Amino acid sequence: MDNDPLFSTAQASQYVGMARQTLARLRVEGSGPAYFKLGSKVAYRRSTLDAWLAERVRRSTSDELTSRTRLAARREGHAHDH
């Protein structure tokens, strides 16, 4: 039994609770979970999906805003003191 199976896009979308089209868009943007190209097929490791989901855990709605604010400041060349 494989402890870290490969999932198809359909299986991965069910596993993470997103539409297949959303995973496809995230692949294009480079912001989704890492994946394999097997010929014309796309596959995801379960461990990679778990790690990607874990990176998105938030404790409040301000967690994401803070990250975006810091990113915007870096892009503009400003540094935050915190």
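The rules behind each value
- Residues numbered from 1 in each chain as written.
- Predicted model: local features only at pLDDT ≥ 70, side-chain atom pairs only at ≥ 80, totals over all residues.
- Heavy atoms only, no water.
- Helix = DSSP H or I, 4+ residues; strand = E, 2+ residues; numbered from the N terminus.
- Contact = heavy atoms within 4.5 Å.
- Areas by Shrake-Rupley, 256 points an atom, 1.4 Å probe, with all protein chains shown as cover.
- Pairing = 2+ DSSP bridges.
- Axes fitted to C-alpha atoms, helices over the stretch in contact; angles between N-to-C directions.
- Parallel < 35°, antiparallel > 145°, perpendicular 65-115°, else oblique.
- Nonpolar A, V, L, I, M, F, W, Y, C, P; charged D, E, K, R; others polar.
- Salt bridge = Lys/Arg side-chain N within 4 Å of Asp/Glu carboxyl O.
- Buried < 20%, exposed > 50% of the residue type's maximum accessible area, 1.4 Å probe, protein only.

K.L.:
Quick question: what am I supposed to make of the overall build of the protein here?
P.N.:
Looking only at helices and strands, one finds four helices and three strands in the protein. Along its sequence from the N terminus, the protein presents helices and strands in the succession β-α-α-β-β-α-α. In the protein, the proportion of contacts linking residues at least 24 apart, taken out of those at least 6 apart, comes to 48%. When the accessible surface of the protein is totalled, it reaches about 6400 Å², and 50% of it is carbon and sulfur.

K.L.:
I'm lost on the sheet that holds strand β2 (residues 36-38) in this one. Help?
P.N.:
Spatially, β1-β3-β2 is the arrangement adopted by the three strands of the open sheet, whose pairing is antiparallel. The two strands at the open ends of the sheet, each matched to only one other strand, are β1 (6-8) and β2. When the angles between neighbouring strand axes are averaged without regard to direction, this sheet yields 40 degrees. As judged from the three bridges shared by β1 and strand β3 (residues 41-45), these two strands associate in the antiparallel manner.

K.L.:
Before we go on, may I ask you to explain the side chain of T9 in this structure?
P.N.:
One can find T9 in helix α1 (residues 9-16). With residues near it in sequence (within four places) discarded, T9 still touches R20, L23, R27, V42 and Y44.

K.L.:
Mind showing me how you'd approach the packing of α1 against helix α2 (residues 20-29) here?
P.N.:
A pair of packed helices is captured by two measures, namely the crossing angle of their axes and the spacing between those axes. α2 packs onto α1 with a crossing angle of 100 degrees between their chain directions and a minimal axis gap of 8 Å. In terms of axis orientation, α1 runs roughly perpendicular to α2. Residue-level inspection shows T9, A10, A12, S13 and V16 of α1 in contact with α2, the latter providing R20, L23 and R27. Across the contact of α1 with α2, the residue classes tally to four nonpolar, two polar and two charged.

K.L.:
I'm lost on the pairing of β3 in this one. Help?
P.N.:
Successive side chains on a regular strand alternate, one facing one side of the sheet and the next facing the other. Where β2 lies against β3, three bridges are found, and the strand directions are antiparallel. For L38, the partnering residue across the bridge sits in β3 and is K41.

K.L.:
What should I look at first to understand the pattern of salt bridges in this one?
P.N.:
Where charged atoms from two side chains of opposite charge come close, those side chains can pair. Applying the stated rule across the entire model yields two salt bridges. Close ionic contact of R25 with E29 constitutes a salt bridge, the shortest N to O distance being 3.2 Å. Residue R25 and its partner E29 are both found in helix α2; the two are separated by four residues, about one turn of the helix. When its relative accessible area of 42% is taken as the criterion, R25 is described as partly exposed. Under the relative-accessibility criterion, E29 is labelled partly exposed at 48%.

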